[in-house]
Amino acid sequence: MKEENCDYCGFSAREQILAEVKRLVEKYCKLAGEEISITVTGHSLGAALALITAYDIAEMKLNIVTRGNGSHPVAVPITVYSFAGPRVGNLKFKERCEELGVKVLRVINIHDKVPMVPGIIANEKLQFQKYLEEAMAFPWSYAQVGTELALDHTHSPFLMPTNDLGCAHNLEAHLHLIDGYQGKGRKFRLVTKRDIALVNKSCDFLKKEYGVPPCWRQDENKGMVRNNEGRWVVPDRPKVADHPPDTAHHLQQVLKVFGS
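Residues numbered from 1 in each chain as written. Predicted model: local features only at pLDDT ≥ 70, side-chain atom pairs only at ≥ 80, totals over all residues. Heavy atoms only, no water.

> I'd like a description of the overall build of the chain, backed by residues and values.
Of the regular secondary structure elements, the chain holds seven helices and eight strands. For the chain, the C-alpha atoms occupy an extent of roughly 65 × 60 × 35 Å along the three principal directions. Within the chain, the proportion of its 260 residues that are buried is 36%. The contacts in the chain between residues at least 6 apart in sequence include a share of 65% that link residues at least 24 apart. Total accessible area computed for the chain in this model is approximately 16400 Å², and 56% of it derives from carbon and sulfur atoms. Of the charged side chains in the chain, 33 are positive and 31 negative; the average position of the first set lies 4 Å away from that of the second. (Helix = DSSP H or I, 4+ residues; strand = E, 2+ residues; numbered from the N terminus. Buried < 20%, exposed > 50% of the residue type's maximum accessible area, 1.4 Å probe, protein only. Contact = heavy atoms within 4.5 Å. Areas by Shrake-Rupley, 256 points an atom, 1.4 Å probe, with all protein chains shown as cover. Lys, Arg positive; Asp, Glu negative; His and termini not counted. Charge placed at Lys NZ, Arg CZ, Asp CG, Glu CD.)

Put into structure tokens, the structure is as follows:
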């Protein structure tokens, strides 16, 4: 929420992101001449916001940079890594993202229900979706964007069978499945030695034989710590900083470019 009279809410989240992207692209690509790329990632609702943010950056042309006088504009690549994300827009939105060059890799668990919504009736798998949208103006049509990496948690020997939809949607489980995925039809094998205990941070998904308690991240002390005297206290936390002083400047540059 944006509140102009608040030191910490004077700019919306979108305005802060666009201003910061503008600043970084100008600093590293336009002025320093470095080869850069823009990567946005998120899980679940965060995955949807990541795609919308990447689209927004591309539509506002913040990734288009001219390095010198007379040189041709350079398009900074924009990539989205989406984990367990729902559908965001309709077929026209998907086509527009492709026109803008936004690349998307969608990582899903085939047992997760979130990537299947919205758009249960009309989605990218329907042969006549384009006709429904354009000729019939069907309002409940949605389409996933990008390339899908479909994983299956039943292929992991570390995970137990469960009907808990939260386990199938869990981000740590997705990262565990990526670690063990060797390609379609190949045996599951962990490569990076990522600790399997992370899977049970906020769910009960690991087989009991591994001795990892479920939901171990939820501390009973609610974030308190034990001090040198043995007492449980609320730890000192760093003060939240105000917006960077140049946020308004870079946001104004964004609006100026888009307005022109």
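Here the narrative resumes.
> Now, about the pattern of salt bridges: what can you tell me, with residues and values included?
Enumeration according to the criterion identifies 13 salt bridges in this entry. The partner of Lys 130 in a salt bridge is Glu 95, with the nearest N and O atoms 3.1 Å apart. One end of the pair, Lys 130, is in helix α4 (residues 129–134); the other, Glu 95, is in helix α3 (residues 91–99), and 35 residues separate them in sequence. Taking the relative accessible area as the measure of exposure, Lys 130 reaches 39% and is therefore partly exposed. For Glu 148, the salt bridge identified is with Arg 106, shortest N-O distance 3.2 Å. Here Arg 106 lies in strand β5 (residues 102–109) and Glu 148 lies in strand β6 (residues 147–151), a separation of 42 residues in the sequence. (Salt bridge = Lys/Arg side-chain N within 4 Å of Asp/Glu carboxyl O.)

> Explain helix α2 (residues 45–59) to me, using residue names and the numbers behind them.
Taking 1.5 Å per residue as the helical rise, α2 with its 15 residues ought to reach 21 Å, and the 21 Å between its terminal C-alpha atoms agrees with that figure. Here α2 has its buried residues at Ala 47, Ala 48, Ala 50, Leu 51, Thr 53, Ala 54, Asp 56, Ile 57, Ala 58 and Glu 59. One or two positions beyond α2, positive phi appears at Lys 61, with a value near 60°. (Expected span 1.5 Å × (residues − 1).)

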